[in-house]
Each structure stands twice: as C-alpha cells, then as structure tokens.
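# Descriptive analysis of the structure
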Amino acid sequence: MAGCCAGLAAFLFEYDTPRIVLIRSRKVGLMNRAVQLLILAYVIGWVFVWEKGYQETDSVVSSVTAKAKGVTVTNTSALGFRIWDVADYVIPAQEENSLFVMTNMIITMNQTQGLCPEVGSFSWKEPWTSRPLRPCLSAGCGPGPHGPCFHSFFFFQIPDKTNVPALLKAAENFTLLVKNNIWYPKFNFSKRNILSNITTTYLKSCIYDAITDPFCPIFRLGNIVANAGHSFQDMAVEGGIMGIQIKWNCNLDRAASLCLPKYSFRRLDTRDVDHNVSPGYNFRFAKYYNDLTGTEHRTLIKAYGIRFDIIVFGKAGKFDIIPTMINIGSGLALLGVATVLCDVIVLYCMKKKYYYREKKYKYVADYDQGLGSESDQ
Ligand SMILES: *[C@@H]1O[C@H](CO)[C@@H](O)[C@H](O)[C@H]1NC(C)=O
C-alpha cells in the first residue's frame, strides 16, 4: 500500500526529462548542420518546389473527336479514273479516340457465291487461311455434297500484292482536325484544345507546327508521321498505327489560360529492321450489291492504312491544406535522420568514439552483480 502511494506521489510530484549531451566539436557540429541542410534542401527544393507537394492532384478525363479532310484522284488500269474523299478512305466513318485513313488497297470486284458439286482436286487454297477451296463449274451449278463453294474468290485474290507506292499516296497532304475536351473532376475545371483565342479564320488555314503553330488542332498526316521520325510514303504501303499524344499538365494555382495542351507523336506499331514478319496494318471488308437479275455480288477490299490513335493524359494540381501538412510532417520527421546519422558516426566511426560513448551513456551493472555498484565510469 505504501509502495503504491509512493508511486502515485512520484507520478504527481516528479518530472523527468532526457539529458542531452552537447559535443563541442567543429567537425561533428558542421556535419550535423550539413546533413540537416541537405534534408531541408530536399524537402523544400524537391518535395515542395519541384514536385509541388503542397498541391492536391487529379488526372484528366477526356473526350476526343477527329475529322479528316482531303480529296485525291487516282487513275489505274483496274479502277479507271476515280475520286477519293473522306467517305471512301476513312473506315469506319467514326470511331472512339482513333481514326483510320486508308492509304493503299487491293480491290476484288464482282464476287458471287454459288452452290455446286466439288470439282477436281483440292489444289485451290483460300489465300488468307490456306484452307482448300472448291472451284465451281459455273454460277448456276447445283448444290454439292460438301456445301457451298465460292465462285470467283480465288481468281482475283491470288495475286495478293500491295501497290508500291501506295495508291492513295496523296493522303500525306490530308489533314486531321482533333477536338479534345478535358475535365478535372476534383477541381471542376474543364477546357478544350481549341483555345479561346483561336478564331474561325485561323482555324480554316492553320496547320500544326511545334514551333510556329503549337496550338493549332489541325494536323497534316505527313507531318504527324514525320514528327515521329518515320516516312509517310513507306508507312502508307503496308499501313501502321500512329499515336497522337495530348498532354495536359496544369498548375491550377496559376491562371487557367496557362493550362495548355502539348502535342507529341509516336509510331505505336514497332518495326524491327531484322524481324519484319507480318508488318503493317490491314483488314478486309466488302460492299454488297445486287445486279439486275437479283444475284448478290460484292466488291472485296483489302484495306491498308494508318490508324491514328489519340491518347490524352495529364495531371492537374491545386493547393490543398492536407497534402501540405502531410509533407511538412514527413519533412520534419526526416530531420530526425540527421541526429541518427551523426550519432552513428560519432559513436561508431570516429577515432574518439570511446570517449564520446563514455560521455553519452550512463553505464549500469545488472542488479544481481552488486546493488549500488553503478557508477559513471
Ligand atoms: C502535297 O502537296 C504539295 C503542295 O501542294 C505537293 O507539292 C505535293 O506533291 C503533295 N504531295 C503528294 C504526295 O501528293
């Protein structure tokens, strides 16, 4: 009972505080300040100024539309004189965040399907899958034991060679208008890439250029590919994929007019010089029609072209008290590292470590080995 009272008295009427050892040494003192300075420079310079640790951040939400423009004329023996406009070379008419421009093609006209008995050996192969095809005798032959055969696929499809140079090589001069709306939901901030100072007349005539017109949202297809370090005419033959990147990095502590898009371009289908199997980008589609007798025909088109993928990314930051306090707190905690580091050096690495250790620690022998033999050695 008495012990309990003594304990309570000690708790109430005594105050304990750690004793601090002051080492009067220029070397150690300077080292401690140097480490503190480094940590302070890191916290202020890197965390606060460079990484803007006082800001809350948000990533971009965006929507994109793209529209191509341009007309060209081709004159080939297979097709004759032909005009190509947007409705012919943009497939499909509209897509999300990307746009395909056909630059080259293989056209097979007037294909019909028929049912007929199997004739001859399995020497005909479907050109793209190498499955055997059965040739038909004529369009009017009766149904055969092995199901449908294809009347004229193989006649036109077998010389499967791309045109060099690309049929629509003039697509180099076509343009692409990219409209991009962005939104930072956390800050309820929205903006579009057609900036408020862009006039209708400017938009009618401008072409994006990194130096002279960095905010014009109209891109010449040839320039997009050239900016990525490739040749449009090479790419047009077998097709490929180009990325148009729009970066919106915004500091919303400053004026909204300083939040501007930054465009960059890269080719997304990588091409190895020494491993060039199945290069490019192509697909097939068909247009169906009926002739006067009601027979269905189709025109098969193997389209080669460049798909432009529009990739929008970015981060916005704005002052907020919570990240500021968190970073100040962790910065102060980090200052404690200076003490730990100096302690390690002073007590374990320096020549006079035994002297410092003696001064820092109060040595106490174990209770069994002699009560009261404790001493400041
Ligand atoms: C693109 O336009 C320029 C200038 O109008 C012209 O000289 C050039 O031949 C065109 N390029 C192609 C591939 O048609």
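Residues numbered from 1 in each chain as written. Predicted model: local features only at pLDDT ≥ 70, side-chain atom pairs only at ≥ 80, totals over all residues. Heavy atoms only, no water.

Another point: the overall build of the protein. A tally of helices and strands in the protein yields nine helices and 18 strands. Partitioning the intrachain contacts of the protein with sequence separation of at least 6 by distance along the chain shows that 68% fall at a separation of at least 24. (Helix = DSSP H or I, 4+ residues; strand = E, 2+ residues; numbered from the N terminus. Contact = heavy atoms within 4.5 Å.)

A few words on the pairing of strand S15 (residues 262–267). By the alternation rule, side chains of S15 split into Tyr 263, Phe 265 and Arg 267, which are all buried, and Lys 262, Ser 264 and Arg 266, of which none is buried. Pairing geometry for strand S13 (residues 240–247) and S15, over six bridges, is antiparallel. Along S15, the bridge assignment pairs Met 242 with Arg 267. (Buried < 20%, exposed > 50% of the residue type's maximum accessible area, 1.4 Å probe, protein only. Pairing = 2+ DSSP bridges.)

Here the focus is the sheet that holds strand S1 (residues 55–59). Read across the open sheet, the three strands follow the order S1-S18-S14; overall the sheet is mixed. Each end of this open sheet is capped by a strand with a single partner; those strands are S1 and strand S14 (250–251). As defined by bridge partners, S14 adjoins strand S18 (residues 315–319) across two bridges and the pair is classed as parallel. Across the sheet, Cys 250 pairs through a bridge with Ala 316, a residue of S18.

Further remarks concern the site of the ligand. Around the ligand, the neighbouring residues are Lys 169, Ala 170, Glu 172, Asn 173 and Gln 233. Coverage of the ligand by the protein chains reaches 34% of its 360 Å² of free accessible surface. Its residues placed into classes, the shell around the ligand shows one nonpolar, two polar and two charged. (Near = heavy atom within 4 Å. Areas by Shrake-Rupley, 256 points an atom, 1.4 Å probe, with all protein chains shown as cover. Nonpolar A, V, L, I, M, F, W, Y, C, P; charged D, E, K, R; others polar.)

Applying the stated criterion across every chain, the model contains two disulfides. In this model Cys 206 forms its disulfide with Cys 216; the gap between the sulfur atoms is 2.0 Å. Around the S-S axis, the bridge from Cys 206 to Cys 216 shows a dihedral of about 75 degrees and counts as right-handed. With a gap of 10 residues between them, Cys 206 in the loop between helix H5 (200–205) and strand S12 (218–220) and Cys 216 in the loop between H5 and S12 connect regions that are remote in the sequence. Residues Cys 206 and Cys 216 agree in their burial class; the two are buried. (Disulfide = S-S within 2.5 Å.)

Below, the discussion takes up the UniProt feature "transmembrane region" (unreviewed entry) in the protein. The UniProt record annotates "transmembrane region" (unreviewed entry) at residues 34–50 and 328–350. Each end of residues 34–50 is marked by a C-alpha atom, and these two atoms are 21 Å apart; helix forms 100% of the span and strand 0%. (UniProt positions renumbered as here; feature names shortened; annotations may be inferred.)

Looking now at the layout of surface pockets. Of the voids in this model, the largest pocket is the one considered here, and its volume is about 470 Å³. In this structure, the largest pocket is lined by 15 residues; those nearest its centre are Val 21, Ile 23, Val 28, Asn 32 and Asp 343. Secondary structure elements with two or more residues in the lining of the largest pocket: helix H2 (26–50), helix H8 (321–349) and helix H9 (353–360). Residue contributions to the lining of the largest pocket peak at five residues, all from H8. Its residues assigned to classes, the lining of the largest pocket shows nine nonpolar, three polar and three charged. (1 Å grid on protein atoms, 1.4 Å probe; cavity = no way out; pocket = protein on both sides within 12 Å on 5 of 7 lines; lining within 4 Å. Points joined across faces, edges and corners; volume = space filled by probe spheres on them.)

Turning our eyes to something else, we now look at the confidence of the model for the protein. For the protein, per-residue confidence averages 83 on the pLDDT scale, and 83% of positions sit at 70 or higher. Overall, residues 373–377 carries pLDDT values under 50, and its contacts beyond four positions in sequence, including any with other chains, amount to seven contacts. (pLDDT = per-residue confidence, 0-100.)

To continue, consider the packing of H2 against H8. As a packed pair, H2 and H8 sit with axes 9 Å apart at the nearest point and diverge in direction by 155 degrees. Taken together, the axes of H2 and H8 are roughly antiparallel relative to one another. As for how H2 packs across H8, the hand of that crossing is right-handed. For the pair formed by H2 and H8, the contact residues are Val 28, Met 31, Asn 32, Val 35, Gln 36, Ile 39, Leu 40, Tyr 42, Val 43, Val 47 and Phe 48 on the first element and Thr 324, Asn 327, Ile 328, Gly 331, Leu 334, Leu 335, Val 337, Ala 338, Leu 341, Cys 342, Ile 345 and Val 346 on the second. Residues belonging to the contact of H2 with H8 are distributed by class as follows: 18 nonpolar, five polar and no charged. (Axes fitted to C-alpha atoms, helices over the stretch in contact; angles between N-to-C directions. Parallel < 35°, antiparallel > 145°, perpendicular 65-115°, else oblique. Left-handed = near helix turned anticlockwise from the far one by under 90°.)

A general tendency of soluble globular proteins is for nonpolar side chains to be buried together. Judged by nonpolar contacts, the single largest core of 50 residues is most densely connected at Tyr 89, Met 102, Leu 176, Tyr 184, Ile 224 and Phe 308. Elements supplying a minimum of two residues to this core: strand S2 (61–69), strand S5 (98–111), strand S10 (175–184), helix H6 (221–227), helix H7 (232–238), S13, S15 and strand S17 (296–313). It is S17 that contributes the most residues to this core, six residues altogether. For Leu 176, the contacting residues outside a window of four places in its chain are Ala 66, Lys 67, Ala 68, Leu 99, Pro 217, Ile 218, Phe 219, Leu 221, Ile 224, Ile 244 and Phe 308. Formed by six residues, the second largest nonpolar core is a distinct cluster that contains Val 35, Ile 39, Val 47 and Phe 48. (Core = buried A, V, L, I, M, F, W, Y, C linked by side-chain atoms within 4.5 Å.)

The UniProt entry lists Asn 173 under the feature "glycosylation site" (unreviewed entry), expressed in the numbering used here. One can find Asn 173 in the loop between helix H4 (153–157) and S10.

Attention now goes to the environment of Gly 331. With respect to the element layout, Gly 331 can be found in helix H8. What makes Gly 331 buried here is its relative accessible area of 8%. Taking the C-alpha atoms as reference, Gly 331 lies 7.9 Å from Ile 39; in sequence the two are 292 residues apart. Apart from the residues lying within four places of it in its own chain, the contact partners of Gly 331 are Ile 39 and Val 43.

The next point concerns the pattern of salt bridges. All chains considered together, the criterion is met by five salt bridges. The partner of Lys 186 in a salt bridge is Glu 56, and the shortest N-O contact between them spans 3.9 Å. Taken together, the residues Lys 186 in the loop between S10 and strand S11 (189–192) and Glu 56 in strand S1 connect sequence positions 130 residues apart. Residue class for Glu 56 comes out partly exposed when judged on its relative accessible area of 28%. Of the charged contacts in the structure, one is a salt bridge between Lys 360 and Asp 343, with a shortest N-O distance of 3.9 Å. Placement of the pair is Lys 360 in helix H9 and Asp 343 in helix H8, with a sequence separation of 17 residues. A relative accessible area of 31% means that Asp 343 is categorised as partly exposed. (Salt bridge = Lys/Arg side-chain N within 4 Å of Asp/Glu carboxyl O.)

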